[in-house]
Every structure is written in structure tokens, then in C-alpha cells.
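Letter by letter, the chains look like this.
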Amino acid sequence: TYSTVIESNGNNFEGGATVHNFNTVPEIPPIHYRDPVMGTPFQNDFGNGEELKTTFYKNVGVFVKVSETNRTYITDTRLMSAMPAFRATKRSSSYINSAETYNLSVYGIRSQWRYLSSESETTYDQGAANGSTVTTNYQYDNALHFQPTVITTVLENAGSGTQHSFKTNMRYPQDYTFPGTLSGSAARIKGMVDKHIWNVPIEQLKSSITGSVSRVVDGQLSTYKLNGSFIVKDKDYALKFNNSTIYEDVISVTPSTINSSGVFVYDSHYEQLNAYNRYDAVNNLLEAADRKNTSGFIREPNTGNVWAKVVNSTYSNVAYSSFEHGPGTTSAFTNWNYSIANIISTSYQNGTRGFNLTGSSPITPVAALSSSQKYKISLWRKIGGSNLT
């Protein structure tokens with residue numbers, strides 16, 4: 001119910017003040033007998049509590065405005081609806097053993113889709129004058145997933161021929177159509193829709209706009225694959241620009257789509273940035289590659305924490321274990337083969353466990369070794385009796 005709240009920055013406004021202005025919409029209950037379910041929105045109280053404006057002042061003996069942010073919200077009519085609600089109240093009766101009768105009242109419960117439409121921030125100079133404003137507009141083109149599909153940031157000279165702005169277009173799984181039989185990434189995108197993974201962008205295109213000229217300056221795209229029955233990221237792509245100047249850009253890029261053959265296609269300007277080659281059974285990343293090298297990750301079997309990372313090597317070419325996982329678990333994540341039963345408690349070095357190495361209980365690598373390769377092996381050891389631990 002408070003339309004304005006003043007926040008002190010410091011014990012007594014010595015650091016200035018922040019003024020918050022809120023949208024206050026009175027709740028209008030429907031006409032009915034008795035009260036409906038508590039917390040049910042009745043008619044027109046949507047938007048109550050939205051922060052419409054935030055103003056920051058500094059204290060220099062007097063309060064000087066430093067910045068001001070204005071926000072606008074809209075109600076999207078695509079998801080407005082109303083449903084009837086009923087309330088039954090028993091009538092009083094003066095007759096014993098008479099039939100029970102009730103009063104039935106009907107009232108409407110409404111729903112609305114409201115979201116932040118624009119946010120405009122103005123910063124001022126020392127004298128609270130010559131403000132510089134940046135406005136961000138949000139656009140929601142698909143009511144299926146409730147995600148912003150276009151975000152436009154407008155800089156100075158709004159409305160003029162030299163107006164400069166940046167625009168980001170985003171495409172989500174539900175923004176694609178799925179004809180007939182799907183393959184590869186197209187099938188995975190459809191799988192994301194089926195599994196309700198709706199808020200993950202597949203493609204983002206960023207454009208710089210000056211006046212009526214729009215140029216794409218950045219683009220990102222991701223493809224997905226199956227890891228067992230799970231959908232995981234396969235590759236990341238970024239736009240590659242051919243110009244040799246610092247102002248590298250292209251006039252237009254064709255947004256990705258799924259063609260009539262059920263194949264996911266994207267613009268030829270994209271080049272592969274990262275590849276996620278291998279995951280474990282619970283979708284922890286085990287191997288990734290960028291443009292220059294490949295990295296492998298050995299993870300603790302129980303927690304999934306990274307035990308070891310090796311650069312310029314695949315996952316299968318590195319093995320590690322601290323033996324801290326103990327009896328009753330598997331060593332599959334460590335790329336060593338050994339008997340879990342030979343893990344013993346110890347106070348040596350930093351851990352609490354070690355491995356009792358014997359001739360009948362060796363440690364061998366999962367991957368086959370090659371006599372033409374050189375390998376580096378490092379370990380902590382304690383020599384005692386006839387065993388090496």
C-alpha cells in the first residue's frame with residue numbers, strides 16, 4: 001500500500017538517499033457471500049508492488065539527484081483469462097428434518113501475464129543536470145515459454161537519424177517448428193521441448209543499429225546431444241567475421257531453423273568454439289575442447305568434484321585417484337582398474353586413505369598402453385614390510 005519508500009544510505013542520510021516509487025493497485029473483491037480463498041487475485045489488482053521508479057540522491061549539504069530509473073510494465077492480453085469460482089453457504093432452517101438448502105454465489109477469478117516492458121536509466125552530472133539516458137526495451141514474442149525474445153538497448157539521440165542502439169534476438173526450443181522425422185540436433189531441440197527445457201537459448205544474435213542501418217556484431221549458437229537418456233550440450237558456435245578492420249561486422253545473418261527434412265541448419269558464418277565431448281552417467285563434464293586444445297577431467301566418484309584436470313589431453317589418456325572414495329564404490333571415474341577392497345585407512349600425507357599395492361592386487365590403467373608413447377606417473381608412497389602403499 002506504500003506508493004513511496006525513502007531509504008537512508010547511512011544512519012542519517014549522510015550517504016544520500018534512495019527513493020522507491022511503487023505501483024499500488026487497490027484490490028477490488030468480487031460481490032459474493034463470505035470471503036473467497038485467501039490470496040486469490042480477484043479483479044484488477046495485478047501489478048501491485050511493481051517498482052516504477054528508483055531515484056538516488058547524494059548528500060552534499062543538500063540532496064542532489066545522481067540517477068533515476070523508470071520502469072514500465074504491460075499486461076499481455078494473450079494470456080488473459082477468467083474462470084468462475086463458486087461459494088456455497090448453507091441456509092438457516094426453522095424446520096426440523098427439513099431438506100438442506102444452500103445459497104450459491106459465483107465470482108470471477110482472473111489471470112494476467114504482466115512483465116517488465118522497458119527500463120530507462122538516466123545519470124546526471126555534479127549539478128543534477130545534463131542527464132544521459134539509456135533505455136532497455138523487452139519484447140516477448142512467444143507466449144509458450146515466457147522468455148524475452150528481443151532486448152533492445154537504446155543509447156542517446158532517441159528518435160533521431162543518428163540514434164544508436166544494440167539489439168539481441170534470442171531463439172528458444174519452442175521457437176522452432178518440427179516437421180516430420182527429425183535427426184541430430186533437431187531431434188534434441190524437440191526433446192528439450194518435450195522435457196520442458198524451455199528457457200535455454202539455442203541462438204543469440206546481437207546487432208548494432210545506427211539510424212536505419214543494422215549490422216550483426218556477435219552471434220552465439222549451441223547444439224545438443226544425448227548422454228544416455230539425458231540431453232546435454234554438444235557444441236558452442238560463434239560468428240566468424242571476414243573483415244580485416246577493427247569494425248568487423250556483417251550486414252545480415254540467417255537465423256537458425258529446422259528445415260523440411262528435419263535437419264537443424266544455421267548460418268555459414270558460424271564456426272565451432274567449444275565441444276563437450278564426454279560426460280559421466282550423471283552429466284558431469286569429463287572432456288571439453290576449444291579451438292586450441294582438449295582438456296580432460298577426473299572426478300571424485302561420489303560427489304562429482306574435479307579431482308584432476310589435464311590440458312592438451314583427452315579424458316581417456318589421463319588417470320588419477322586419491323583413493324579417498326573408499327570401499328563400496330567404483331573406480332570407473334578415475335581411469336584406473338584396482339580392487340576397492342585394497343583401499344586402507346592411513347594417516348600418511350594429506351588424505352585419510354591409501355592403497356595396499358601387492359602383486360596379486362595391482363593398479364592397471366583402463367586405457368591400453370602403447371610402447372611407442374611416453375607416460376608420466378606420479379604418486380605418494382610409503383615403503384614398509386613387503387608392501388608398497
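Residues numbered from 1 in each chain as written. Predicted model: local features only at pLDDT ≥ 70, side-chain atom pairs only at ≥ 80, totals over all residues. Heavy atoms only, no water.

Trainee: Outline the overall build of the protein, supporting the account with residue identities and numerical values.
Mentor: Within the protein, the secondary structure is distributed over one helix and 23 strands. In the protein, which comprises 389 residues, the proportion classed as buried is 33%. Here the contacts in the protein between residues at least 6 apart in sequence split such that 47% fall between residues at least 24 apart. Of the roughly 23,600 Å² of accessible surface on the protein, 51% is carried by carbon and sulfur atoms. (Helix = DSSP H or I, 4+ residues; strand = E, 2+ residues; numbered from the N terminus. Buried < 20%, exposed > 50% of the residue type's maximum accessible area, 1.4 Å probe, protein only. Contact = heavy atoms within 4.5 Å. Areas by Shrake-Rupley, 256 points an atom, 1.4 Å probe, with all protein chains shown as cover.)

Trainee: Can you explain the pairing of strand β15 (residues 285-289)? Please cite residues and give values.
Mentor: Counting buried residues along β15, five of its five residues qualify, which places the element largely inside the surrounding structure. Hairpin connection of strand β14 (residues 270-279) to β15: five residues between the antiparallel strands, including Asn283 at a positive phi of 70 degrees. In this structure, β15 lies alongside strand β16 (residues 294-299), joined through three bridges in antiparallel fashion. By the bridge assignment, Ala289 is partnered in β16 with Thr294. (Pairing = 2+ DSSP bridges.)

Trainee: Kindly report on the pattern of salt bridges, identifying the contributing residues and their values.
Mentor: With the rule as written, the count across this model stands at nine salt bridges. Across the pair Glu119 and Arg71 runs a salt bridge whose closest N-O atoms are separated by 3.0 Å. One end of the pair, Glu119, is in strand β5 (residues 102-123); the other, Arg71, is in strand β4 (residues 63-90), and 48 residues separate them in sequence. A salt bridge links Arg291 to Glu271; its shortest N-O distance comes to 2.7 Å. Highlighted residues: Arg291 in the loop between β15 and β16 and Glu271 in strand β14, separated in sequence by 20 residues. Assessed through its relative accessible area of 23%, Glu271 is described here as partly exposed. (Salt bridge = Lys/Arg side-chain N within 4 Å of Asp/Glu carboxyl O.)

Trainee: Break down the environment of Asn293 for me, citing the residues and quoting the values.
Mentor: Tracing the backbone shows Asn293 in the loop between β15 and β16. Sequence spacing of Asn293 and Val311 is 18 residues, and the spatial spacing of their C-alpha atoms is 7.1 Å. Setting aside chain neighbours within four positions, we find Asn293 in contact with Ala288, Val311 and Asn312.

Trainee: Report on the nonpolar core, specifying residues and quantitative values.
Mentor: Soluble globular proteins: nonpolar side chains tend toward being buried together. Tyr176, Ile202, Leu205, Leu239, Ile258, Phe264 and Tyr270 are the most contacted members of the largest nonpolar core, which has 18 residues in total. If you list the elements that add at least two residues to this core, you get α1 (184-194), β10 (213-227) and β11 (230-239). Here this core takes four residues from α1, the largest share from any one element. Discounting chain neighbours no more than four positions away, the residues touching Leu205 are Lys167, Thr168, Asn169, Val216, Asp218, Gly219, Leu239, Val253 and Tyr270. Judged by nonpolar contacts, the second largest core, of six residues, contains Val232, Tyr276, Leu285 and Ala288. (Core = buried A, V, L, I, M, F, W, Y, C linked by side-chain atoms within 4.5 Å.)

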